[in-house]
Amino acid sequence: MTSNISDVTVIVTGTGYRSLSQDTAPIGNVFKHPRVKANIGAWVAKELVEQGFEVLIVSRTVSKLQTLTNSIRIEHPNNRIDYCAVDLLDSKAVAEMVENIQRGKLIYLVHCAGLSAGSYKLPNDNPYLRVEETPIDLPCLEFDVIVKSLLILVQALLPRFELQEESRIVVISSMSGVRAVPLGYSHSAAKAGLHNAVRSLALELNKRRIYVSEVLPGMVNTGIYDPPAVQMAIAEMGKYFGYDYKDSGLPQMPPKDVADAVKLCLTSEAHILSINLVAKGQWPNLSS
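Residues numbered from 1 in each chain as written. Predicted model: local features only at pLDDT ≥ 70, side-chain atom pairs only at ≥ 80, totals over all residues. Heavy atoms only, no water.

> How would you summarise the sheet that holds strand S1 (residues 8-13) if you had to cite specific residues and measurements?
Here we have 7 strands laid out as an open sheet, ordered S5-S4-S1-S6-S7-S8-S9, and parallel in their pairing. Edge positions in the sheet fall to strand S5 (81-85) and strand S9 (274-277), since each of these pairs with one other strand and no more. Neighbour-to-neighbour, the strand axes of this sheet turn through a mean angle of 20°, independent of strand direction. Pairing of S1 with strand S4 (residues 54-59) involves 5 bridges; the strand directions are parallel. Note on S4: the bridge partner recorded for Val 10 is Val 55. Sheet contacts for helix H1 (residues 40-51): S1, S4, S5, strand S6 (106-111), strand S7 (167-172) and strand S8 (210-217); angle to S1, the most-contacted strand, approximately 165°. (Pairing = 2+ DSSP bridges. Helix = DSSP H or I, 4+ residues; strand = E, 2+ residues; numbered from the N terminus. Axes fitted to C-alpha atoms, helices over the stretch in contact; angles between N-to-C directions. Contact = heavy atoms within 4.5 Å.)

Below you can see the structure in the form of structure tokens.
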């Protein structure tokens, strides 16, 4: 990494958290609350602030952005964290967000957007559905949220990236993008589209000193796998790979592990193309 960390503003999309109860009391620190689970984007933002980057967190929900910002400031009051509520499928709003970032500031992008951030209500909060149960509009909706939004972001950022000595993009994808799963018609299709979009970007933008990396995690403990319907689906899915999670529970890695992979992509002197990681005990298939 040729730039000084403190000179870089990292846009982190898809930041949020899940409340595990109906308790309406103020949350306080999201990262230490016993009934709240921060998602990957939130942990990426926290770890990057701790590293010394200036971070701009992005999602659609102002209240969650405020709570996350305050949570990070509790632990790092002297570091720089801000937020912007933006619909990433609104190209005009995204362009305005980029325009409002101080001129002369170096910008990097970490794209963590997904349906789990709350832009679409999944049946029983479960993205892993039998083909006959999959809503017809779900594949296109999931594709748009992660692939179309990335295109909008990159197009808005390119004029700024072209002026920078070096730029970096890290996209959080999924192992489902390189290894399809049963009960995953929509999820596997959308993530595979994202995976190939990222590879295309990496090849096209490399000569313009824009280095694109992909982090592909398996199951991460962000609350996505807490609903009973999801646990049943994953247990059934695991049997196809010779794993029985019905009694042992689902193996999940901490979201901080994914954030650590993102930090490596942003700070390494190498251009890291991809990092694949699964929880210990999850099936480690790398391709279908």
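> Summarise the packing of aromatic side chains; cite the residues concerned and give the values.
Enumeration over the complete set of coordinates arrives at 5 aromatic pairs. Consider the rings of Tyr 128 and Tyr 225, whose centres lie 6.4 Å apart with planes at 15°: the pair is stacked. In this pair, Tyr 128 sits in the loop between S6 and helix H4 (138-162) while Tyr 225 sits in the loop between S8 and helix H6 (228-239), placing the two residues 97 residues apart along the sequence. Each member of the aromatic cluster is reached from another via a ring pair, and the members are Phe 241, Tyr 243, Tyr 245 and Trp 283. Above the plane of the ring of Phe 31 lies Lys 46, whose end atom (NZ or CZ) is 5.7 Å from the centre. Over the aromatic face of Tyr 17 sits the side chain of Lys 64, whose NZ or CZ is 5.0 Å from the ring centroid. (Phe/Tyr/Trp six-rings, centres within 6.5 Å; stacked < 30°, edge-to-face > 60°. Lys NZ or Arg CZ within 6 Å of the ring centre and 35° of its normal.)

> Tell me about the packing of helix H3 (residues 91-99) against H4, residues and numbers included.
Interaxial distance between H3 and H4 falls to 9 Å at its minimum, and their mutual angle equals 35°. In this structure, H3 meets H4 at a crossing whose hand is right-handed. Of the residues in H4, those touching H3 at Ser 91, Val 94, Ala 95, Met 97 and Val 98 are Ile 152, Leu 153, Ala 156, Leu 157 and Arg 160. Here the residues of the contact of H3 with H4 are counted per class, giving 8 nonpolar, 1 polar and 1 charged. (Left-handed = near helix turned anticlockwise from the far one by under 90°. Nonpolar A, V, L, I, M, F, W, Y, C, P; charged D, E, K, R; others polar.)

> Give a description of the state of the cysteines that names residues and reports values.
Evaluation of the coordinates by the stated rule reveals 0 disulfides. Residue Cys 265 stays outside any disulfide, its sulfur separated by 11 Å from that of Cys 112, the closest cysteine. On the basis of relative accessible area, Cys 265 is assigned to the buried category, the value being 2%. (Disulfide = S-S within 2.5 Å. Buried < 20%, exposed > 50% of the residue type's maximum accessible area, 1.4 Å probe, protein only.)

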